[in-house]
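Understanding the architecture of this molecule
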Amino acid sequence: MTQHLTLRRPDDMHLHLRDDALLRGVLPETTRHFARALVMPNLVPPVVTFADAQAYHARILAALPDGTDFQPLMTLYLTEATSPDDVAAAAAAGLVKAVKLYPAGATTNSASGVKDFTKVQPVLERMAQIGLPLCLHGEVTDPIVDIFDREAVFIDRILAPLRARNPGLRVVMEHITTEEGVAYVRAAGPDLAATITTHHLILNRNHILAGGIRPHYYCLPIAKREKHRLALRAAATSGEAHFFLGTDSAPHVDALKEHACGCAGCFTATTTMPLLAQIFEDDAALPRLEAFTSLNGAGFYRLPANQGTLTLTRHDTPQAFPAKILTEAGPVTVFDPGFPVHWHVTS
Ligand code: DOR
Ligand code: ZN
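Described in the following lines is the structure provided in the data block.

**Some thoughts on the overall build of the protein chain**
The number of helices and strands found in the protein chain is 11 helices and 13 strands. Its C-alpha atoms give the protein chain a radius of gyration of 19 Å, near enough to 20 Å, the size a compact globule of 347 residues would have. When the backbone C-alpha atoms are referred to their principal axes, the protein chain occupies close to 55 × 45 × 40 Å. By the burial criterion, 59% of the 347 residues in the protein chain qualify as buried. The long-range share in the protein chain, meaning contacts at least 24 apart out of those at least 6 apart in sequence, stands at 75%. Total accessible area on the protein chain is roughly 13,500 Å²; 55% of this is exposed by carbon and sulfur atoms. Computing the positive centroid from 30 side-chain charges and the negative centroid from 35, the protein chain places the two 2 Å apart.

In structure tokens:
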């Protein structure tokens, strides 16, 4: 039996679009389904100032496929030298919707991130005043802390004190991967939300390592034990307003993934919507998919919900998806969920 599901057009509230040849290659994979995306600033060099964000925004618009009304929502990369006035001007202009904090060394291109949190306190105070959200890569970088514990330790050591110092600061814990993250968000008030990726709803750490090492499942934060994946599934499918989609779709060309020291990132832009429909169907939560993909993120960022719609169709037979996207920078492998997906976007 064919089944259709029509949603408001979704938003991807955490996306890596890169630049130049890779940008041109991956951008249509997002604009095909999504109306807006919050674009991460971890380019080399990073998008630090209002002027950087204006220039990157113009490059994204120039790379858009014809006939799309896709809107990139820009972010600034917080450094210890970031000026509160520059951030406030970028927000007042309506161009920049959030500031991203990477602890220095936590992930791809995070070398210019924050080491000494006292240095960014004036920026955080200004953001709290003007209501501009702070997006956090929530992992400690202390080499002594086990990679599987870095998110939970971040909550205790960094996030809780940071929020206590900055009452009213609106915070998004990006790409949560643990039951501790889910519990922390649920216990907090309306100033805290979390994004959840598609791949963290699918992977546990066995998928990366058991039976061979799978570089295309390596991302940061790394996928955790099964109980954590189940906590994320329950959170995403709950419909609760503080959980929403941020794919963290993070393209790297295959040569850099299939490598002795491979880059972190799962490229999910192409198939996220069919995969999420399958996941929500399997968890008997299809009526709550729209909240996760199209309403909760817009609500937190105080944006109007999209007017357009996206329709997915369920087929009796599993659907085929491209294995790779060919870009001028090289091939990029599309995330393989490892289970049959019966849904396809039809319009
Ligand atoms: O897996 C990831 N890839 N996690 C991040 O935090 C960064 C991203 C990237 O930019 O490649
Ligand atoms: Zn990311």
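**Observations regarding the side chain of arginine 18**
Here arginine 18 shows up in the loop between β2 (11–15) and α1 (20–31). For the buried arginine 18, which has no salt bridge, the nearest side chain bearing the opposite charge is aspartate 248, at an N-O separation of 7.2 Å. A polar contact is formed between the side chain of arginine 18 and the side chain of histidine 252, at a distance of 3.1 Å. The residues touching arginine 18, leaving out its near neighbours within four places in the chain, are Leu23, Asn42, Leu43, Tyr56, Ala250, Pro251 and His252.

**Thoughts on the packing of aromatic side chains**
Applying the stated criterion across every chain yields a total of six aromatic pairs. Ring plane angle 35° and centroid distance 5.3 Å describe the contact between tyrosine 77 and tyrosine 102, whose orientation is recorded as tilted. With tyrosine 77 in strand β4 (residues 71–77) and tyrosine 102 in the loop between β5 (96–101) and α4 (121–130), the pair connects residues that are 25 residues apart, well separated along the chain. Seen in terms of ring centroids, phenylalanine 244 and tyrosine 301 are 6.2 Å apart; in terms of plane orientation they differ by 70°. Their pairing is edge-to-face. Of the two residues, phenylalanine 244 is situated in strand β9 (residues 243–245) and tyrosine 301 in the loop between α11 (289–300) and β10 (309–314); the sequence distance between them amounts to 57 residues. Taken as a pair, phenylalanine 244 and tyrosine 301 share a single burial class, namely buried. Cluster of aromatic residues (ring-pair linked, three or more members): Phe244, Phe300 and Tyr301. Above the face of the phenylalanine 148 ring, arginine 205 is positioned so that its terminal group lies 4.5 Å from the ring centre.

**Considerations on the pattern of salt bridges**
Side-chain pairs of opposite charge can arise whenever the charged atoms involved come near each other. Evaluated as defined, the whole model comprises 14 salt bridges. Between arginine 59 and aspartate 19 there is a salt bridge whose closest N-O contact spans 2.8 Å. Taken together, the residues span a long stretch of sequence, with arginine 59 in helix α2 (residues 50–63) and aspartate 19 in the loop between β2 and α1 at a distance of 40 residues. Given a relative accessible area of 35%, arginine 59 falls into the partly exposed group. Among the salt bridges present, the one from aspartate 142 reaches arginine 157, with a minimum N-O distance of 3.2 Å. Note that aspartate 142 is positioned in the loop between β6 (134–136) and α5 (150–165) and arginine 157 in helix α5, a separation of 15 residues in sequence. With a relative accessible area of 25%, aspartate 142 lands in the partly exposed category. Residue class for arginine 157 comes out partly exposed when judged on its relative accessible area of 46%. What you see here is one network of salt bridges that share partners, running through Glu80, Asp116 and Lys119.

**Comments concerning helix α6 (residues 179–187)**
Among all positions in α6, only Gly181, Val182, Tyr184 and Val185 are buried. Across the axial projection of α6, the buried residues extend over an arc of 165°, all falling on one side. For α6, the elements touching its buried residues are α5, β7 (171–173), β8 (192–196), α8 (226–236) and β9.

**Some remarks on the site of ligand 1**
In the neighbourhood of ligand 1, 13 residues make up the surrounding shell, with Arg18, Asn42, Leu220, His252 and Ala264 lying closest. Here ligand 1 has 290 Å² of accessible area as a free molecule, and 100% of this is covered by the chains. In this structure the site holding ligand 1 corresponds to the largest cavity.

**Details of the pairing of strand β3 (residues 36–39)**
A two-sided burial pattern is seen for β3, the buried positions comprising Arg36 and Leu38 on one face and Ala37 and Val39 on the other. The pairing of β2 with β3 spans three bridges and is parallel. Looking across to β3, one finds that leucine 15 is bridged to valine 39. With α1 bridging β2 and the parallel β3, this β-α-β connection has right-handed handedness. Here β3 runs beside β4; their pairing, made up of four bridges, is parallel. Directly across from leucine 38, in β4, lies its bridge partner leucine 73. Handedness of the β-α-β unit built from β3, α2 and β4 comes out right-handed.

Rules of the game
- Starting from 1, residues in each chain are numbered consecutively following that chain's sequence as written.
- All chains are assigned letters beginning with A, and all ligands numbers beginning with 1, in the order in which they are written.
- The predicted nature of this model means local features are confined to residues of pLDDT at least 70 and side-chain atom pairs, given and counted, to a pLDDT of 80 or more, with totals for whole chains, interfaces and linings taken over all residues.
- Only hydrogens and water are removed before side-chain values are computed, so all heavy atoms of the structure are retained for them.
- For the purposes of this entry, the term helix denotes a DSSP run of H or I that reaches at least four residues, the term strand denotes a run of E that reaches at least two, and both are numbered from the N terminus.
- For the radius of gyration, the atoms used are the C-alpha atoms, and the globule rule reads 2.2 Å times the number of residues raised to 0.38.
- Only protein chains enter the calculation, and the probe is 1.4 Å; a residue is then buried if its accessible area is under 20% of its type maximum, exposed if over 50%, and partly exposed in between.
- The contact definition used throughout considers only heavy atoms, calling two residues in contact when any of these lie within 4.5 Å.
- Residue burial considers only the protein chains on display, and all accessible areas are found by Shrake-Rupley using a 1.4 Å probe.
- We score Asp and Glu as negative and Lys and Arg as positive, and we do not count His or the chain ends.
- Charge placement uses NZ in Lys and CZ in Arg. For Asp and Glu, CG and CD serve respectively.
- The rule for a salt bridge is simple: a side-chain nitrogen of Lys or Arg has to be within 4 Å of a carboxyl oxygen of Asp or Glu.
- Pairing of N or O atoms within 3.5 Å defines a polar contact, subject to two protein rules: one partner must be a possible hydrogen donor and the other a possible acceptor, and residues neighboring in sequence count only if both atoms are side-chain atoms.
- For this analysis, a ring pair means two rings from Phe, Tyr or Trp (six-membered ring only for Trp) whose centres lie within 6.5 Å, classed as stacked if their planes differ by under 30 degrees, edge-to-face if by over 60, and tilted for the remaining angles.
- Definition used: whenever NZ (Lys) or CZ (Arg) falls within 6 Å of the ring centre and also within 35 degrees of the ring normal, the charge is taken to sit over that ring.
- Our arc is simply the arc of the directions from the helix axis toward the C-beta atoms.
- Note on definitions. A residue lies near a molecule or strand when any single heavy atom of the residue is within 4 Å of it.
- A 1.4 Å probe that fits but cannot get out identifies a cavity on a 1 Å grid over protein atoms alone, an open set with protein on both sides within 12 Å along at least five of seven lines counts as a pocket, and a residue lines either if it has an atom within 4 Å of a point.
- For a molecule to be placed in a cavity or pocket, more than half of its atoms must lie within 2 Å of the grid points of that cavity or pocket.
- Strands are treated as partners if at least two bridges between them are detected by DSSP.
- With its strands directed away from the observer, a crossover is right-handed exactly when the path from the first strand over the helix to the second travels clockwise.

None of this, on its own, says anything about what the molecule does.
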